[in-house]
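Listed here are the chains, written in short residue letters.
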Amino acid sequence: MNDTELINQILEGNMNAFTFLVNRYQKLVVHITGRLVQRQEELEDVCQEVFIKVYQNLGKYRNECKLSTWIATIAYNTSINYLRKFKKFEEVNPEDSVALRNLTDFRNENYETADLKRYVREQIELLPIQYRTVVTLFHLEEFSYQEIEQITGMPEGTVKSYLFRAKALLREKLKHIVDDNSLKLVKEISNEKG
Amino acid sequence: MRKDELTDMIEQSLGAAPEFRLQEGFAQRVTASVIRQEQWKTDLQEYFYLTAIVFGLIALLTGVYYLVDKDLLFRTLNFFVANWVVVGFLVLTLNFILFADKVLLRLLFSRRRQTN
């Protein structure tokens, strides 16, 4: 069943079609809200709110964009509103001492590949919220720049810039894995601050 | 680790799904929640329509009696004014029974069904 048929079925009152829609798009919503909200215990409530909004506004959907883009927009706005409402709009500055400490917690000498991947993922979760958003939409959900612009309201140039900076930031944070001297330097800075 | 290996790993990690999961049966729970919300709206609407119809009929009856038998109408109104506490209590009680029947009980039962 394609999206247009699915929407028509839901608008005619077929709730099984709505369950089908939720199953089809729940991964997309979980990825966006999960990356933004970052709290497993609150994730289900936010996702539920997203799908309730989808149901309530489905009649207003006009096929101007893909259904996935439209649902992603609702997921993004709901997550941002949630963070603002509960004052959880914390941004991690990668230059601060906590981020530096996170960097030095890693044992460079004895890492396993799996640990390293996990570590990189943790660093992604520590990125500032705007970076996390564009990275998730572009790399994970494979939305185009234009679609990300529609979803977040950020101009295309900003999206590209955030993507570039996010990668640069990650490379910077993980530099010590390539270069042992950088690790020593970071440890020294960390010790000075501590 | 070489620089290009690190770049590859970053690219791979950026495309990897975060470790957040929803519990089994999420779609069914959302659908049940939507059905309950829609039912609540319909029930509330029904209650308001019924209340409006009852008050409309009373107004119509008052209008008819005003034309047919003014004396009876004024006697009745005087009775209501004189016993406004009892009349008010009766009206509120009947209204609450209607509200409970049309909205509250249905909501409670649907919640209970979902919990079970």
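Residues numbered from 1 in each chain as written. Chains lettered and ligands numbered in written order. Predicted model: local features only at pLDDT ≥ 70, side-chain atom pairs only at ≥ 80, totals over all residues. Heavy atoms only, no water.

Caption draft 1: Seen up close, the packing of aromatic side chains. Residue and element names in this part refer to chain A. Counted under the stated rule, the structure contains eight aromatic pairs over all chains. Aromatic side chains phenylalanine 18 and tyrosine 55 sit 5.2 Å apart centroid to centroid with 75° between the ring planes, which places their arrangement in the edge-to-face category. With phenylalanine 18 in helix α2 (residues 15–37) and tyrosine 55 in helix α3 (residues 40–57), the pair connects residues that are 37 residues apart, well separated along the chain. In this pair, the class of phenylalanine 18 matches that of tyrosine 55, namely buried. (Phe/Tyr/Trp six-rings, centres within 6.5 Å; stacked < 30°, edge-to-face > 60°. Helix = DSSP H or I, 4+ residues; strand = E, 2+ residues; numbered from the N terminus. Buried < 20%, exposed > 50% of the residue type's maximum accessible area, 1.4 Å probe, protein only.)

Caption draft 2: Quick peek at the interface of chain A and chain B. Contacts between the two partners involve 39 residues from chain A and, on the opposite side, 32 residues from chain B. Remark: the boundary between chain A and chain B carries four salt bridges. The salt bridge partner of B:Glu19 is A:Arg121, with a shortest N-O separation of 3.0 Å. The interface formed by chain A and chain B includes eight residue pairs in polar contact (both at pLDDT 80 or more). Going through the elements one at a time, α2, α3, α6 (113–125), α7 (129–140), α9 (156–173) and α10 (175–178) of chain A are the ones with two or more residues in the side of chain A that touches chain B. Element by element, the count of residues in the side of chain A that touches chain B is highest for α2(A), at 10 residues. (Contact = heavy atoms within 4.5 Å. Salt bridge = Lys/Arg side-chain N within 4 Å of Asp/Glu carboxyl O. Polar contact = N/O pair within 3.5 Å; in protein donor to acceptor, adjacent residues only side chain to side chain.)

Caption draft 3: Examining the side chain of A:Thr19 more closely. As for its placement among the helices and strands, A:Thr19 is situated in helix α2. Not counting chain neighbours up to four residues away, the residues in contact with A:Thr19 comprise B:Ala27, B:Gln28 and B:Thr31.

Caption draft 4: View of helix α1 (residues 3–11) of chain A. Residues and elements named next belong to chain A. Listed as buried for α1 are Leu6, Ile7 and Ile10. Down the axis of α1, the sector holding all buried residues measures 100°, keeping them to one side. Contacts from the buried residues of α1 go to α2, α3 and α4 (67–85). Looking one or two residues past α1, glycine 13 carries a phi angle of roughly 100°, positive in sign. (Arc of directions from axis to C-beta.)

Caption draft 5: Focus on α9(A). Residues and elements named next belong to chain A. Along its 18 residues, α9 runs 26 Å from first to last C-alpha, staying within 8% of the 26 Å computed at 1.5 Å per residue. Listed in full, the buried residues belonging to α9 are Val159, Tyr162, Leu163, Ala166, Lys167, Leu169, Leu170 and Lys173. Along the long axis of α9, the arc covered by the buried residues comes to 160°, so they all point the same way. (Expected span 1.5 Å × (residues − 1).)

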